Amino acid sequence: MNMKLQRAGRNDPCPCGSGLKYKKCCLGKETAGRVDLKQLYFKKYQIRLKGPEDIAAIQKAGRLALDILDRVEAMIRPGIATDEINTLVDALTSAAGGVSAPLNYRGYPKSVCVSVNEVICHGIPGARVLNDGDIVNVDVTPILNGYYADCNKTFFVGTPGADARKIVTVSRECLRLGMAAVRPGNTVGDIGWAIQQYAENQGCSVVREFVGHGVGFDFHEAPQIPHYGRKRQGVVLVPGMVFTIEPMINLGRKELRVLGDQWTAVTADGSLSAQFEQTLLVTPSGFESLTPFD
Ligand code: MF3
Ligand code: CO
Ligand code: CO
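All values reported here derive from a predicted model rather than from experimental measurement.

1. Things to note about the packing of aromatic side chains
When we look at a pair of aromatic rings, we describe it by the centre distance and by the angle of the planes.
Working step 1: The tally for this structure, following the rule as stated, stands at six aromatic pairs.
Working step 2: Centre to centre, the rings of Y105 and F219 are 4.7 Å apart; their planes meet at 55°, and the pair counts as tilted. Highlighted residues: Y105 in the loop between β1 (99-100) and β2 (113-116) and F219 in the loop between β9 (212-214) and β10 (221-225), separated in sequence by 114 residues.
Working step 3: With a relative accessible area of 22%, Y105 lands in the partly exposed category.
Working step 4: Residue F219 is classed as buried on the basis of its relative accessible area of 8%.
Working step 5: The rings of Y105, Y148 and F219 are connected pair by pair, giving a single aromatic cluster.
Working step 6: The cationic tip of K153 hangs over the ring face of F293; the distance from NZ or CZ to the ring centre is 4.7 Å.

The following block contains the structure:
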């Protein structure tokens, strides 16, 4: 990938990732060495940029993930157990020739994460029954032909109350605003800043312990994408990067605790938490979602 593809302004951070201003670094020098971003980003950050074939394959996995989420949404109603969602995700993934990435990942026992109400993430499907007024996040990550796509949505069960509406609306908007900050020349910090700014202005809080991540060749790759941060800080985004944004937003305080099962993360104050996640590709002009919804 040639640096000339970047559209950094003179005073923007240099696309080479040096942290210097573009004009103080590579501006005008691009033709001299045809800097290989793929090598540079791997050496400097362990970030594996994706090529056209990789992207097409991740997109296929992404389409499967979205189809699965649609089928899950259609089954959600008061009275079902969260394990029934696991059964459906497992069946649909296998039927498509895929594998569920969560199953046996670092000892995780199920094929999908199902997180109800105060559960922030990594809820393990089981006997818990969904009740009218609950919110439930379903996070699916199929592996198809060796490629990973990762996305999640939070659904209403029956009729939502005011708190449920609020946290779901705010977390969906957080993802949208994070995505809007994805373009070459912007930084990882710009994404986190956009999310944190909005969430906190709404009186909500941003979970710190879990972050977005590079994805595609593996479940969790470099870089980490915090959902909080400062403008102009962190890695400079370049075309070919594929990563998730997946803000976990709490109605109350940001602190969490992990239950004795070593996975289930819940809000320390018992408040509702919601999340939406997409897998995004940085393009020369901005971004493209490989798991597009909304
Ligand atoms: N899908 C989650 C994410 O968005 C990770 C779940 S790890 C698991 O990164 F082991 F709980 F599945
Ligand atoms: Co993820
Ligand atoms: Co996920």
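The structure having been displayed, the exposition proceeds.
2. So, the sheet that holds strand β8 (residues 205-206)
Working step 1: Judged by pairing direction, the sheet is antiparallel, and its three strands sit side by side in the order β8-β12-β15 without closing on themselves. Looking along the sheet, the strands with just one partner apiece sit at the ends: β8 and β15 (273-275).
Working step 2: In the sheet, strand β12 (residues 248-250) pairs with β15 via three bridges, with the strands oriented antiparallel. Of the residues in β15, the one forming a bridge with N250 is S273.

3. Overview of the coordination of the cobalt ion (ligand 2)
Working step 1: On the protein side, the cobalt ion (ligand 2) has D150 (OD), H213 (NE2), E246 (OE) and E277 (OE) as donor atoms, found 2.0 to 2.2 Å from it.
Working step 2: Each donor residue of the cobalt ion (ligand 2) belongs to the same chain, with the gaps between them written as D-x62-H-x32-E-x30-E.
Working step 3: For H213, a relative accessible area of 5% puts it in the buried group.

Cut-offs applied
- Residues numbered from 1 in each chain as written.
- Chains lettered and ligands numbered in written order.
- Predicted model: local features only at pLDDT ≥ 70, side-chain atom pairs only at ≥ 80, totals over all residues.
- Heavy atoms only, no water.
- Phe/Tyr/Trp six-rings, centres within 6.5 Å; stacked < 30°, edge-to-face > 60°.
- Helix = DSSP H or I, 4+ residues; strand = E, 2+ residues; numbered from the N terminus.
- Buried < 20%, exposed > 50% of the residue type's maximum accessible area, 1.4 Å probe, protein only.
- Lys NZ or Arg CZ within 6 Å of the ring centre and 35° of its normal.
- Pairing = 2+ DSSP bridges.
- Donors = N, O, S within 2.8 Å, 3.2 Å for Na, K, Ca; no water.

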